[in-house]
Amino acid sequence: MSSAPDPRTTTATGTDVRVRFCPSPTGLPHVGMIRTALYNWAYARHTGGKLIFRVEDTDAARDSEESYLQLVDALTWLEIDWDEGVEKGGPHAPYRQSERFDIYAEVLQKLIASGAVYESYSTADEIDARNEANGRAKQLGYDNFDRDLTDEQRAAFRAEGREPAWRLRVPDEDLTYVDLIRGEVTFPAGSFPDFVVVRAGGQPLYTFTNPVDDALMGITHVIRGEDLMPSTARQLALYGALIDAGITTFVPRFGHMPLVLGEEGNKKLSKRDPKADLFLQREKGFIHEGLLNYLALLGWSIGPDRDVFSLDEFTAAFDIVNVNPNPARFDQKKAESINGDHIRMLSADDFAARIVPYLASRGVVADPPTPEQSALIAASAPLVQERVQLLGDVPGLLGFLFTNEVSYDADALASLPANANEVVVASVSALELIPESEFTAAAIQEALAGALIEGLGLKPRVAYGPLRVALSGRRVSPPLFESIELLGKQKSLRRLAAFVDRA
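A brief look at the structure comes next. Here the residue index of a chain counts from 1 through its sequence in written order. The model is predicted, so local features are restricted to residues of pLDDT at least 70 and side-chain atom pairs to those at 80 or more, both for listing and for counting; the totals for chains, interfaces and linings are taken over all residues. Hydrogen atoms and water are omitted, and side-chain values are computed over all heavy atoms in the structure.

1. Some remarks on the overall build of the protein
Here comes step 1: Strands are runs of DSSP state E lasting at least 2 residues, helices are runs of H or I lasting at least 4, and numbering of each runs from the N terminus. Along its length, the protein carries 20 helices and twelve strands.
Here comes step 2: The quantity called the radius of gyration is restricted to C-alpha atoms. Its globule counterpart is 2.2 Å times the number of residues to the power 0.38. The C-alpha radius of gyration computed for the protein amounts to 32 Å, which surpasses the reference 23 Å derived for 503 residues by more than 25%, pointing to a less compact arrangement than a globule.
Here comes step 3: Along the three orthogonal principal directions, the C-alpha set of the protein runs to about 105 × 55 × 40 Å.
Here comes step 4: Looking at the protein as a whole, 50% of its 503 residues are labelled buried.
Here comes step 5: Every residue pair with non-hydrogen atoms within 4.5 Å of one another is taken to be in contact. For the protein, restricting intrachain contacts to residue pairs at least 6 apart in sequence, the fraction spanning at least 24 positions comes to 77%.
Here comes step 6: Under the convention used here, a 1.4 Å probe and the Shrake-Rupley method define accessible areas, while residue burial counts only the protein chains that appear. Accessible surface, the protein: about 23,500 Å² in total, of which carbon and sulfur atoms supply 50%.
Here comes step 7: In this tally, Asp and Glu contribute negative charge and Lys and Arg positive charge; neither His nor the terminal groups of the chain are included. The atoms used to mark charge sites are NZ of Lys, CZ of Arg, CG of Asp and CD of Glu. Placing the 51 positive and 72 negative side-chain charges of the protein at their respective mean positions leaves the two points 3 Å apart. Burial classification: accessible surface area is computed with a 1.4 Å probe over protein chains only, and a residue below 20% of its type maximum counts as buried, one above 50% as exposed, and the rest as partly exposed.

The following block contains the structure:
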């Protein structure tokens, strides 16, 4: 007859997947953090499970309410929705660790009662001195000295006014788990010492609060970055103690995602790198569909030779076991290209609505736009939707349509041919002949082609370049004939005349 499995090695195998995103509110959200949220969200949606959004804010010196609100803003903008957690509630509230200290104290008492943790009075200096006296490398740290203190020794330390920390009694055996991404991983017995779970004074540490919250919230799969993999050994040890104390019944499955490297490909993408700044990417003009599509590719692929897909396609196909363990390199140009593909997938009305904040923030239109400006946005947006990769490029391309005076770019003026004024004067003569009621892109193109290409014998690039600069102030603009139609006959003629008279 086979023996029952050891509950300390039992992992979640049911279909009710529960994953979590549990950042610390320090600094701005960065793309590595968001990829973690994305993979957890996608796995929950793929399996019909639930995503819990929990905030680890017990470090009062580093955590801030501003950073917390930015996290909520980031997920809301990206439309990464969660099923339980901050701002939403749920059966395991509260979801901010700073509000859970009573829960941690209660769990600690259960671990004390089960003998899983013990009082530790050793100071850092005492640990160093013992290691030196015993010929033990200083880097090995704590030597488990307090594990077997007698009642008399503990009483003597307390009599000195010392307050104990609480350390977990680490099992004297190998700890093995099967990583969802990397396969079997073993931490040999003795590879780490008994560790502090609660500091003297009662402050619980991350190595305690994180697994305790996961256990109490029924988290079945812990999907996180490769840099957190070394802490898994301590979490496995603590989970064994939590199971023995009756606090949970299983160990979650762990999956450690690959590092995201900088564009050089030789080191981790720094949080201080502008490319890592989520809000800077939003400011540049990423739409959430494009950015999430690119972040999904940092360790995963939907199929060979395919980089662009919808979020519905992503969640339908995504499985954490298919994530590549090798580091992924953040490529800004590829990210922007994919974003451009998603911009072109938007409906015309959706695209027009999304560019309004960028136009307003640059002072191109009012906030909110006037009815006249709204009509011009709707008419002009299709001229650039097929051309831009970032929404932040739109104000520079369309701004000239909303102003009465043009500001000429120095490089654009420097690029003009010697006969620029001649071209513009001939264009004025041709445009003046078109009746107001017939001032359409087709009529404009026909008139200008007759005057410049046939009349002056110019090639199109040479013929129309001066007109772009005269009308928009830039070398690059939306389609010329459609732009002239939107400006209208009188405004276009005034602008061309002003160009000729600019000297």
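2. What about the packing of helix α6 (residues 206-216) against helix α7 (residues 232-244)?
Here comes step 1: It is the contact of α6 with α7, at a shortest axis distance of 10 Å, that shows an interaxial angle of 55°. Relative to α7, α6 is oriented oblique. For the element pair α6 and α7, the recorded crossing hand is right-handed. Here Tyr 206, Thr 207, Phe 208, Asn 210, Pro 211, Val 212, Asp 214 and Ala 215 of α6 come into contact with α7, specifically with Arg 234, Gln 235, Leu 238, Tyr 239 and Leu 242. What counts as an axis is a line fitted to C-alpha atoms, over the stretch in contact for a helix, and the angles between N-to-C directions run from 0 to 180 degrees. For classification, angles of less than 35 degrees are called roughly parallel, those exceeding 145 degrees roughly antiparallel, those between 65 and 115 degrees roughly perpendicular, and all remaining angles oblique. Two helices that cross are described as forming a left-handed crossing if the nearer one is turned anticlockwise from the farther one by less than a right angle, and a right-handed crossing if clockwise.

3. So, unusual backbone geometry
Here comes step 1: Following Ala 93, the chain continues to Pro 94 via a peptide bond in cis, the omega torsion being 0°.
Here comes step 2: The residue Pro 94 is located in the loop between β3 (84-85) and α3 (101-114) in this model.
Here comes step 3: In this chain, Asp 367 is followed by Pro 368 through a cis amide linkage whose omega measures 5°.
Here comes step 4: The residue Glu 87 is not glycine, and still its phi comes out positive at about 70°.
Here comes step 5: Here Glu 87 lies in the loop between β3 and α3.

4. Focus on the pairing of strand β9 (residues 221-225)
Here comes step 1: With five of five residues buried, β9 is to be regarded as a mostly interior element.
Here comes step 2: Strands pair, by our definition, only if DSSP identifies at least two bridges between them. Bridge count for β9 against strand β10 (residues 253-257) is five bridges, and the pairing is parallel. Each bridged residue has a counterpart across the sheet, and for Ile 223 the counterpart in β10 is Gly 255.
Here comes step 3: For the segment spanning β9, α7 and β10, crossover handedness is right-handed. With the strands pointing away from the viewer, any crossover whose connection runs clockwise from the first strand over the helix to the second is right-handed.

5. Some words on the sheet that holds β3
Here comes step 1: Spatially, three strands are ordered β1-β2-β3 in an open sheet, and the strand pairing comes out parallel. Pairing within the sheet leaves two strands with one partner each, and these edge strands are β1 (18-21) and β3.
Here comes step 2: Two strands pair when backbone bridges link them, and strand β2 (residues 50-53) and β3 are joined in this way by two bridges, in the parallel orientation. Bridge pairing in β3 links Phe 53 to Gly 85.
Here comes step 3: Packing against the sheet, helix α1 (residues 31-47) makes contact with β1 and β2, and its axis sits at approximately 160° to β1.

6. Let's talk about helix α19 (residues 480-487)
Here comes step 1: Of the positions making up α19, those classed as buried are Leu 480, Phe 481, Ser 483, Ile 484 and Leu 487. All buried residues of α19 fall inside an arc of 160° around its axis, so they share one side.
Here comes step 2: Elements in contact with the buried residues of α19: α13 (371-385), α17 (441-454), α18 (460-472) and α20 (489-500).
Here comes step 3: Phi turns positive, to about 90°, at Gly 488, one or two residues after α19. Directions drawn from the helix axis to the C-beta atoms are what define this arc.

7. Considerations on the packing of aromatic side chains
Here comes step 1: Ring pairs shown here join Phe, Tyr and Trp side chains whose ring centres sit within 6.5 Å, with only the six-membered ring taken for Trp; geometry is labelled stacked below 30 degrees between planes, edge-to-face above 60, and tilted in between. Taken as a whole and judged by the stated rule, the model has 17 aromatic pairs.
Here comes step 2: Relative to Trp 82, the ring of Phe 53 has its centre 4.9 Å away and its plane inclined at 80°; by these criteria the two rings are edge-to-face. Of the two residues, Phe 53 is situated in strand β2 and Trp 82 in the loop between α2 (65-78) and β3; the sequence distance between them amounts to 29 residues. The pair formed by Phe 53 and Trp 82 is uniform in burial state, with each residue classed as buried.

8. Structural notes on the pairing of β2
Here comes step 1: Pairing between β1 and β2: four bridges, direction parallel. In the strand pairing of β2, Phe 21 is matched with Phe 53.
Here comes step 2: As for the winding sense of the linkage, the β-α-β connection from β1 through α1 to β2 is right-handed.
Here comes step 3: For the handedness criterion, the β-α-β arrangement of β2, α2 and β3 is classed as right-handed.

9. Some words on the pattern of salt bridges
Here comes step 1: A pairing counts as a salt bridge when a side-chain nitrogen of Lys or Arg comes within 4 Å of a carboxyl oxygen of Asp or Glu. This model, assessed by the stated rule, comprises 31 salt bridges.
Here comes step 2: Close ionic contact of Asp 214 with Arg 54 constitutes a salt bridge, the shortest N to O distance being 2.9 Å. Note that Asp 214 is positioned in helix α6 and Arg 54 in the loop between β2 and α2, a separation of 160 residues in sequence.
Here comes step 3: For Arg 54, a relative accessible area of 0% puts it in the buried group.
Here comes step 4: The closest approach of N and O atoms between Glu 126 and Arg 162, which form a salt bridge, is 2.6 Å. Of this pair, Glu 126 sits in helix α4 (residues 124-133) while Arg 162 is found in the loop between α5 (151-159) and β5 (165-168), placing the two residues 36 residues apart along the sequence.
Here comes step 5: Take Glu 126: its relative accessible area is 27%, and that puts it in the partly exposed class.

10. Points about α6
Here comes step 1: The element α6 is extensively covered by neighbouring structure, given that nine of its eleven residues are classed as buried.
Here comes step 2: Of all the positions in α6, only Thr 207, Phe 208, Thr 209, Asn 210, Pro 211, Val 212, Asp 213, Asp 214 and Ala 215 are classed as buried.
Here comes step 3: Where α6 is buried, its residues touch β1, α3, β8 (196-198), β9 and α7.
Here comes step 4: Phi turns positive, to about 65°, at Gly 218, one or two residues after α6.

11. A short note on the nonpolar core
Here comes step 1: Definition of nonpolar core: a set of buried residues of the types Ala, Val, Leu, Ile, Met, Phe, Trp, Tyr and Cys, connected through side-chain atoms within 4.5 Å. The biggest cluster of nonpolar side chains holds 92 residues, and the ones touching the most others in it are Tyr 39, Leu 111 and Phe 208.
Here comes step 2: If one sorts the elements of this core by residue count, α1 sits on top with ten residues.
Here comes step 3: When residues no more than four places from it in sequence are discounted, the contact partners of Leu 111 are Ala 116, Val 117, Phe 208, Leu 238, Ala 241, Leu 242, Ala 245 and Ile 247.
Here comes step 4: Val 423, Ala 430, Tyr 464 and Phe 481 belong to the second largest nonpolar core, which has 53 residues in total.

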